[in-house]
Amino acid sequence: MTETVQPELQHENPLMEGLKLRRAPDPCALVIFGASGDLTKRKLFPALYSLALRKLLPSRFGVVGAARTEETDDDFRERMKAGVQEFGRDPFNQETWDWLAERMRYVALDFADETGQLEIVKVLNELDDKQGTSGNRLYYLAVPPSAIATIVKEVGEHRSTDGWTRLIVEKPFGRDLESAKALNAELLENFNESEIFRIDHYLGKETVQNLLALRFANGIFEPIWNRQFVDHVQITVAESIGIEGRAAFYEQAGAIRDVFQNHMLQLVALTAMEPPIDFTADSVRNEKVKVLRAMHTPGPKHVVRGQYGRGYVEGEEVPAYREEPGVDPNSLTETYVSAKLYVDNWRWADTPFYVRAGKRLARRETTIAIEFKRAPHPPFEDVGEGDLQPNVLVCHIQPDEGVSLEFAAKVPGQGLTLRTVHMDFLYGGAFRTGIPEAYERLILDCLLGDATLFTRADEVEEQWSLVDTIVAFWKRDRPAFPNYEAGTWGPSGADDLMRRDGRAWRRH
Ligand code: BG6
């Protein structure tokens, strides 16, 4: 059964007029396992609230928080309300909150204990009666990989026979290829691939999706999007924050498992993929997985790892990684990784993709820069070859969301002096609307059953197989950590990686 969406918020802004609203999701109950964790408070509830504010949730809706912590329904509501007020992107509206709060329940349980599942089933049945959620269930697994198998089995055994059941599985999806395969097998024993939504929140970012719009909705970019015209690609996922109290997780993960294995490789796949024949989940994911498969495993010389020492970030003194609470003072966990990758196919052969991701870098910035080959010959008298800078198309994923093109222009005056100028498209200016958070889009897509922006089993496995090779050669030697100062752009080895090829990282 579908319901109509009230379009008022979309049409308040004249620049948004004409944008089509999608169909409304079915009535449904959302169960969040791991409801006492940070993600639920910082991201999931603020996203649900923003969706409720825009009337994008079904009116027949319920949310059940489930975690080990003992808490009453009211305590849970209060905690989530504080999260919405602190982390939400919209001003707080009491009426919207009351609407959501009325539909919220909490169940304290031990994941391994069947009685907890029975309690959830009881609450879900009550929601079906009271809120009309019609037996449709979306389970959000915001729990460590070790807890997933038990939950999946229990949920599979108690699944509702009346409506649909879907699972959202948070990252990290395993810690290597073997564990990811085991996790996929456990999931697929109880659910079909079409019911499993492996989340990579980067895919929910508007600007990441805009990369697809830029490439495939415009005629001018695709003909030059290849080895003939592109010199190289640079992808940066830089963060100024440290590990934010997540030492237990980060010590095990490091930058390679936390960001490189998922967000970074997805950005490479979206940049390099062939045009899909349509925008259905399988067409898009088929093209991405081809890129991941074509990726040549980099040798040890083409991967650089780093760990930050003390330094200054945005004017404030910050401790070294090894001094963060909960971190081993001799830790060899990397907080930075950069690599030179190749996609061995007809379109990209011999075109390097330089990627880097790190914590405590000079500033927060995620960009994809496509650097084109230089003009072959300057026909101007006073201009030497070295004065001509290459054209660069930069997708600014965050912050300053937009796209810019760098090209040479004549400086006004006598003679012919050239300078690089920027032609900018800025989201804020063009659409005059706030940008939805990735989790809003992804939760909504899952409620609609659209898996296009979620990672398929084969993609996750390809990603791990690349990471496993890198981790294996890292085991052979002990890095001299720390090797970059907090607040800088990473270890000098990363600069050497580019310098050896006669190139340099973009400065900002
Ligand atoms: C998460 C990582 O997946 O992505 C974090 O676990 C990281 O360590 C975060 O900070 C970055 O996301 P965003 O949306 O802030 O770029």
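The structure under discussion appears in the preceding block.
Scope of this entry: the structure provided in the associated data block. Fair warning: this is a prediction, and the values are worked out from it, not measured in the lab.

### Focus on the sheet that holds strand β1 (residues 28–33)
Here is step 1: Ordered in space as β3-β2-β1-β4-β5-β6, the six strands form an open sheet in which the pairing is parallel. Here the strands that pair on one side only, and so sit at the sheet edges, are β3 (104–108) and β6 (196–198). Going across the sheet, the axis of each strand differs from the next one's by a mean of 20 degrees, ignoring polarity.
Here is step 2: Relative to strand β5 (residues 165–169), strand β4 (residues 137–141) runs parallel, the two being bridged by five bridges. Looking across to β5, one finds that Y140 is bridged to I168.

### Examining helix α4 (residues 94–101)
Note: α-helices contain 3.6 residues per turn, so residues at a spacing of three or four share the same orientation.
Here is step 1: Buried within α4 are the following residues: T96, W97, L100 and A101. Buried residues in α4, looked at end-on, bunch into an arc of 130 degrees, giving them a common side.
Here is step 2: Next to the buried residues of α4 lie α2 (38–53), β2 (61–67), α3 (73–87) and β3.
Here is step 3: In this structure N93 caps α4, since a side-chain oxygen of it lies 3.0 Å from the backbone nitrogen of E95.

### Overview of the pairing of strand β10 (residues 308–313)
Here is step 1: Two strands pair when backbone bridges link them, and β10 and strand β18 (residues 484–486) are joined in this way by three bridges, in the parallel orientation. Bridged to G311 within β18 is A486.
Here is step 2: Taken together, the three bridges between β10 and strand β11 (residues 316–318) define a ladder with antiparallel strand orientation. Its bridge partner lying in β11, G311 is registered against V318.
Here is step 3: Where β10 hands over to β11, the hairpin turn is made up of two residues, of which E314 adopts a positive phi near 45 degrees.

### Regarding unusual backbone geometry
Here is step 1: Going from Q398 to P399, the amide bond is cis rather than trans, its omega being -15 degrees.
Here is step 2: Topologically, P399 is positioned in the loop between β15 (392–398) and β16 (402–410).
Here is step 3: Looking along the chain, the bond that leaves F481 and enters P482 is cis, with omega of -5 degrees.
Here is step 4: With respect to the helices, strands and loops of the structure, P482 is situated in the loop between α13 (457–474) and β18.
Here is step 5: The backbone of S134 shows a phi angle near 60 degrees, a positive value even though the residue is not glycine.
Here is step 6: Locating S134 in the fold gives a position in the loop between α5 (114–131) and β4.

### Some details on the state of the cysteines
Here is step 1: Tallied over the full model, the rule gives zero disulfides.
Here is step 2: In this structure C446 is a free cysteine whose sulfur lies 8.3 Å from that of C28, the closest cysteine sulfur available.

### Observations concerning empty space enclosed by the protein
Here is step 1: What the rule picks out here adds up to three cavities of 30 Å³ or more.
Here is step 2: Along the wall of the largest cavity there are 13 residues; nearest its centre are K171, F173, I199, Q261 and N262.
Here is step 3: Every element with two or more residues in the lining of the largest cavity is listed here: α9 (247–272) and α13.
Here is step 4: Grouping the constituent residues of the lining of the largest cavity by class yields five nonpolar, four polar and four charged.

### Here we look at the pairing of β4
Here is step 1: Along β4, five of the five residues are buried, which leaves the element largely enclosed by surrounding structure.
Here is step 2: Covered by surrounding structure in β4 are R137, Y139 and L141 together with L138 and Y140, the residues of both alternating faces.
Here is step 3: Running through helix α6 (residues 145–157), the crossover from β4 to the neighbouring parallel element β5 is right-handed.

### What about the side chain of H158?
Here is step 1: By secondary structure assignment, the location of H158 is in the loop between α6 and β5.
Here is step 2: In terms of polar contacts, H158 uses its side chain to reach the backbone carbonyl oxygen of E154, at 3.0 Å.
Here is step 3: Excluding residues that lie within four positions of it along the chain, H158 makes contacts with E114, Q117, L118 and V121.

### With respect to the site of the ligand
Here is step 1: If you check the shell around the ligand, you find K171, H201, Y202, K205, E239, R246, D258, H263, K359, R364 and Q398 and nothing else.
Here is step 2: A distance of 2.6 Å separates an oxygen atom of the ligand from a polar side-chain atom of K205.
Here is step 3: In the model, an oxygen atom of the ligand is placed 2.5 Å from a nitrogen or oxygen of the D258 side chain.
Here is step 4: Summarising the interface, the protein chains cover 82% of the accessible area of the ligand, which totals 400 Å² for the free molecule.
Here is step 5: Class assignment of the residues belonging to the shell around the ligand gives a composition of one nonpolar, three polar and seven charged.

What counts and what doesn't
- Residues numbered from 1 in each chain as written.
- Predicted model: local features only at pLDDT ≥ 70, side-chain atom pairs only at ≥ 80, totals over all residues.
- Heavy atoms only, no water.
- Pairing = 2+ DSSP bridges.
- Helix = DSSP H or I, 4+ residues; strand = E, 2+ residues; numbered from the N terminus.
- Axes fitted to C-alpha atoms, helices over the stretch in contact; angles between N-to-C directions.
- Buried < 20%, exposed > 50% of the residue type's maximum accessible area, 1.4 Å probe, protein only.
- Arc of directions from axis to C-beta.
- Contact = heavy atoms within 4.5 Å.
- Polar contact = N/O pair within 3.5 Å; in protein donor to acceptor, adjacent residues only side chain to side chain.
- Disulfide = S-S within 2.5 Å.
- 1 Å grid on protein atoms, 1.4 Å probe; cavity = no way out; pocket = protein on both sides within 12 Å on 5 of 7 lines; lining within 4 Å.
- Points joined across faces, edges and corners; volume = space filled by probe spheres on them.
- Nonpolar A, V, L, I, M, F, W, Y, C, P; charged D, E, K, R; others polar.
- Right-handed = clockwise from strand over helix to strand, strands pointing away.
- Near = heavy atom within 4 Å.
- Areas by Shrake-Rupley, 256 points an atom, 1.4 Å probe, with all protein chains shown as cover.

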